[in-house]
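# Reading the structure
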Amino acid sequence: MNDLVIYVVGSTLFFAIGIYGLLSKRSAIRMLFAIEIIINAANLNIAAFARYAPYDLGGAQAIAMFVISIAAAEAAVGLAIIIEAFRLRGKVNVDEMNEMKG
Amino acid sequence: MISKSETFVSKFQKYGIITSILILILILYLIFPDIVAVVRLLLSNPVAVLGTGLFKLIIFPGLIYISLVPLIAEWVERKIVAKMQVRVGPLYVGGWEGFLQPIADLLKLISKEIIIPKNADKLIFVLSPILVFIIGALPSVVVPYSPNYVIWNYEFGVLLFFAVLGFYPLAVLTAAWSSNNKYSFIGGLRALYQLASYEVPLFLATLPSVMLANSLSLSGIAASQSRVWFVAFAPISAVVFFVAMMAELERIPFDTPEADSELVTGWTTEYAGMAWGLLQFASYVKLTALSGVFVVLFLGGWQGPAFFPPVVWSLVKVAAVILILLLARGYYPRIRIDQLVRAGWGWLIPLCIVNILALVAFQPYLAAFVR
Amino acid sequence: MVDIFIPIILVALSSIAALFSLESKSLVYGAISLAMFFVGLSLFFFYLGLPYLAIFQLAIYVGAIAVLIMFTVMVVGEGTSREGRPRLIVLGLLGFVVIVSSLYFALSYFGSVSTTQTQPGFSMQLLTAALIDHYGLLILVLGLLLTAAAFGAVALARREVEES
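Residues numbered from 1 in each chain as written. Chains lettered and ligands numbered in written order. Predicted model: local features only at pLDDT ≥ 70, side-chain atom pairs only at ≥ 80, totals over all residues. Heavy atoms only, no water.

We now examine the overall build of chain A. Each helix and strand in chain A was counted, giving three helices and zero strands. Relative to its 102 residues, chain A shows a buried fraction of 62%. The contacts in chain A between residues at least 6 apart in sequence include a share of 58% that link residues at least 24 apart. As displayed, chain A offers around 3,600 Å² of accessible surface, 69% of which is attributable to carbon and sulfur atoms. (Helix = DSSP H or I, 4+ residues; strand = E, 2+ residues; numbered from the N terminus. Buried < 20%, exposed > 50% of the residue type's maximum accessible area, 1.4 Å probe, protein only. Contact = heavy atoms within 4.5 Å. Areas by Shrake-Rupley, 256 points an atom, 1.4 Å probe, with all protein chains shown as cover.)

Listed below in structure tokens is the structure:
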């Protein structure tokens, strides 16, 4: 068994945990946690394959950095939406956000 | 209620001290398996010990140094601010000008009880000061005081320094939240606003030095200033860095998070005894580390005329920077939170970008002065 | 032997942190646990020999995103009424299938290919070359996107001043 398998399995495990959280939790904040976990899992996969595959190491790192930056933007906007929803409704359950009027 | 928290604290103190000593010994042994050899060297040739990694970790740029600087700085600060306000300051302890006052304060803080509020989140409340201290002390690891006296001469020292410093708001927020006190929480939120808006100019102000030295290691940046200090090429960035540094340290013109006329003492309100002492200690340790980095980035690090050894030049410069930081406390009033955030985003960041663009334009002409 | 143990321990600790961040009763504990998960990921990157990426992860994820999440959790509070749906078994099976199939795929495919880190060590030159030469335009787009996100977040979360 080689090292790469550990990273791939770990990344898949994180991905599965994230999917589980995203599907089973109804609180918007927990769902954001789950999304962050999924993004991190993908990033770990990119980094691990970059380290073992005979390709350009710089490109993979650049992509991973882009992913992290976009995740930061996504988190900022997502959290702003959550705060706004909390102001309007007093709770952040996604089940109850089913009407457009604010 | 008190007895319950008392038992928790005493248990935590009793087992915490034992476990932390054990962990410290384990870490020392893991990092330096040759600790026995160092002890043998100490017995045979004491001068040679000065260069070993263990000496650096424990004594000079390491633990003893960063614990001594706060003690001295506290006394100097109290004395100078007192003189500026036509008071006398500490006078009795130790005979001459009360120079042992910090040690008396330390003994007092250690002997005081750490009170945990009834509705506080006990675990986070106790762990937060420790986390704050670790985050404050960790950046010192990469700060060089001479080509030799640096604990970890890391290739990406600048990045690591500021990345670790970026954890600070997290620890402040947990400390503020777990106290379950409105003054703590308001102070914590203010600290978050302030730290978040001044981290960006702090990052940007380091860029000119990195660009000029063409290196991300702090030792490399200091080594390439042997001809001209970078403050000559990046004066605006140096000023911006200094201001942002003051804001990061929550020192007086920027001490809105612990404004004592509005919010008791801000996010440290509920902490008593040595827990509070640890928070203060962490802020002074952070001050030392940031002053060290300011000296390395802009004031030439250990460079200076050869009649003093490099370490002495470093220490003199760091002491001067700390002194100026302390002096500001006697001069300026506190600024409002909206002025503070506007100054951070509206003035400091554009100024940084102006300096970076100027450097990019003139870089071909500056290459002769670097190194 | 140590080479295999360290990533396995990291995987175990990080997945515990990730699970706890989703399952903890208090959201604040969950946020702290999530920050630990981010630190664990950066340790992975350090261990893989990609220090720049690891420090980037620390600065962005722990220094910015975790702080933002913590702030939101503290403002919003626990404010959730009911959590979870009774579909855990199906989801568990789904996750198990995903893991096992990926393991099978990984073992059967990569077990036969190169098993060691063949790359030369990390170098800043490679990364900067990739960033400037291949992804220069993307960096510009990314910068615009981040600016737009910042404006959007501020516009969303800004409390409207009521005139009275």
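There is more to say after this.
Now for the packing of aromatic side chains. Residues and elements named next belong to chain B. Under the criterion given, the structure shown has 27 aromatic pairs over all chains. Between tyrosine 154 and phenylalanine 156 the ring centres are 5.8 Å apart and the planes differ by 80 degrees, which places this aromatic pair in the edge-to-face class. Note on tyrosine 154: relative accessible area 12%, which makes it buried. A residue is classified by how much of its surface remains accessible, and phenylalanine 156, at 2% relative accessible area, is buried. Measuring from ring centre to ring centre gives 5.5 Å for phenylalanine 242 and phenylalanine 294, while their planes differ by 65 degrees; the resulting arrangement is edge-to-face. Of this pair, phenylalanine 242 sits in helix H11 (residues 235-248) while phenylalanine 294 is found in helix H12 (residues 273-298), placing the two residues 52 residues apart along the sequence. (Phe/Tyr/Trp six-rings, centres within 6.5 Å; stacked < 30°, edge-to-face > 60°.)

Attention now moves to helix H6 (residues 136-157) of chain C. All names here are of chain C. When the terminal C-alpha atoms of H6 are compared, their 32 Å separation across 22 residues agrees well with the 32 Å that a helix rising 1.5 Å per residue should span. Those residues of H6 that sit buried are Leu142, Ala149 and Ala153. The buried residues of H6 occupy an angular sector of 30 degrees when projected down its axis, which confines them to one face. Across H6 from its buried face, at more than 90 degrees, point the exposed residues Leu137, Leu140, Leu144, Phe151, Val154 and Ala155. (Expected span 1.5 Å × (residues − 1). Arc of directions from axis to C-beta.)

Counting 167 residues, the largest nonpolar core has Phe33(A), Phe161(B), Phe241(B), Met245(B), Phe294(B) and Ile69(C) as the members making the most contacts within it. The dominant element in this core, judged by the number of residues it contributes, is helix H3 (residues 51-76) of chain C, at 17 residues. Those residues in contact with Ile69(C), other than ones at most four positions away along the chain, are Leu32(A), Phe33(A), Leu79(A), Ala31(C) and Leu34(C). (Core = buried A, V, L, I, M, F, W, Y, C linked by side-chain atoms within 4.5 Å.)

Residues and elements named next belong to chain B. Mapped onto the secondary structure, leucine 366 falls in helix H14 (residues 337-366). Overall, the relative accessible area of 12% leaves leucine 366 in the buried class. Among residues more than four places away in sequence, those in contact with leucine 366 are Leu212, Phe233 and Leu359.

A few words now on the interface of chain C and chain B. Contacts between the two partners involve 19 residues from chain C and, on the opposite side, 20 residues from chain B. Summed over both sides, the interface of chain C with chain B buries roughly 1,800 Å², with 87% coming from carbon and sulfur. On the chain C side of the interface with chain B, the three residues burying the most area are Tyr29(C), Ile55(C) and Met74(C), jointly 31% of the side's total. Counting every contact that joins chain C to chain B gives zero salt bridges. The tally of links from chain C across to chain B stands at one residue pair in polar contact (both at pLDDT 80 or more). Put simply, the parts of the chain that give the side of chain C that touches chain B at least two residues each are helix H2 (27-47) and H3 of chain C. Counting residues per element, the side of chain C that touches chain B draws most heavily on H3(C), which supplies 12 residues. Here the residues of the side of chain C that touches chain B are counted per class, giving 18 nonpolar, one polar and no charged. (Buried area = accessible area lost by both parts, 1.4 Å probe. Salt bridge = Lys/Arg side-chain N within 4 Å of Asp/Glu carboxyl O. Polar contact = N/O pair within 3.5 Å; in protein donor to acceptor, adjacent residues only side chain to side chain. Nonpolar A, V, L, I, M, F, W, Y, C, P; charged D, E, K, R; others polar.)

With that out of the way, let us pick up the interface of chain A and chain C. Taken together, the contact between chain A and chain C spans 74 residues of the former and 85 residues of the latter. Sorting the residues of chain A by area buried against chain C places Arg30(A), Phe33(A) and Arg51(A) first, and these three jointly supply 10% of that buried surface. Inspection of the region where chain A meets chain C yields zero salt bridges. Inspection of the chain A/chain C interface yields five residue pairs in polar contact (both at pLDDT 80 or more). Elements supplying a minimum of two residues to the side of chain A that touches chain C: helix H1 (3-24), helix H2 (28-52) and helix H3 (57-89) of chain A. Per-element tally for the side of chain A that touches chain C: the top contributor is H3(A), with 26 residues.

Moving on: the packing of H12(B) against helix H13 (residues 310-331) of chain B. Residues and elements named next belong to chain B. Relative orientation of the contacting elements H12 and H13 amounts to 120 degrees, with a least axis distance of 9 Å. One way to sum up the angle between H12 and H13 is to call them oblique. Considering only the axes of H12 and H13, their crossing is right-handed. Residues Leu287, Thr288, Ser291, Gly292, Phe294 and Val295 of H12 pack against Lys317, Val318, Val321, Ile322 and Leu325 of H13. (Axes fitted to C-alpha atoms, helices over the stretch in contact; angles between N-to-C directions. Parallel < 35°, antiparallel > 145°, perpendicular 65-115°, else oblique. Left-handed = near helix turned anticlockwise from the far one by under 90°.)

Moving on, we get to the pattern of salt bridges. Residues and elements named next belong to chain B. Tallied over the entire structure, the rule returns six salt bridges over all chains. The partner of arginine 334 in a salt bridge is aspartate 255, and the shortest N-O contact between them spans 2.8 Å. With arginine 334 in the loop between H13 and H14 and aspartate 255 in the loop between H11 and H12, this pair connects stretches of sequence that are 79 residues apart. Between aspartate 338 and arginine 336 there is a salt bridge, with its nearest N and O atoms 3.0 Å apart. Put simply, Glu74, Arg78 and Asp105 are held in one network by salt bridges that share partners.

The periodicity of an α-helix, 3.6 residues per turn, causes residues three or four positions apart to be oriented the same way. Among the 11 residues that make up helix H8 (residues 168-178) of chain B, 10 are buried, leaving the element largely enclosed by the rest of the structure. All of the buried residues along H8(B) are Tyr168(B), Pro169(B), Leu170(B), Ala171(B), Val172(B), Leu173(B), Thr174(B), Ala175(B), Ala176(B) and Ser178(B). For H8(B), the elements touching its buried residues are helix H6 (122-137), helix H7 (157-165), helix H9 (182-213) and H12 of chain B together with H2 and H3 of chain C. Asn180(B) sits one or two positions beyond H8(B) and adopts a positive phi of about 55 degrees.

With that settled, the discussion passes to the confidence of the model for chain B. Any segment with low pLDDT has predicted coordinates that should not be analysed in fine detail. On average, residues of chain B score 82 in pLDDT, and 94% of them are at 70 or above. Mean pLDDT across the secondary structure elements of chain B bottoms out at helix H1 (residues 2-31) of chain B, with 69, and peaks at H11(B), with 90. (pLDDT = per-residue confidence, 0-100.)

Residue and element names in this part refer to chain B. Where H11 meets H13, the axes come as close as 12 Å, and the angle between the chain directions of the two elements is 60 degrees. Seen along the crossing, H11 lies across H13 with a hand that is right-handed. Across from Phe242, Met245 and Met246 in H11, the residues of H13 making contact are Val321, Ile324, Leu325 and Ala328. Residue composition of the contact of H11 with H13, grouped by class: seven nonpolar, no polar and no charged.

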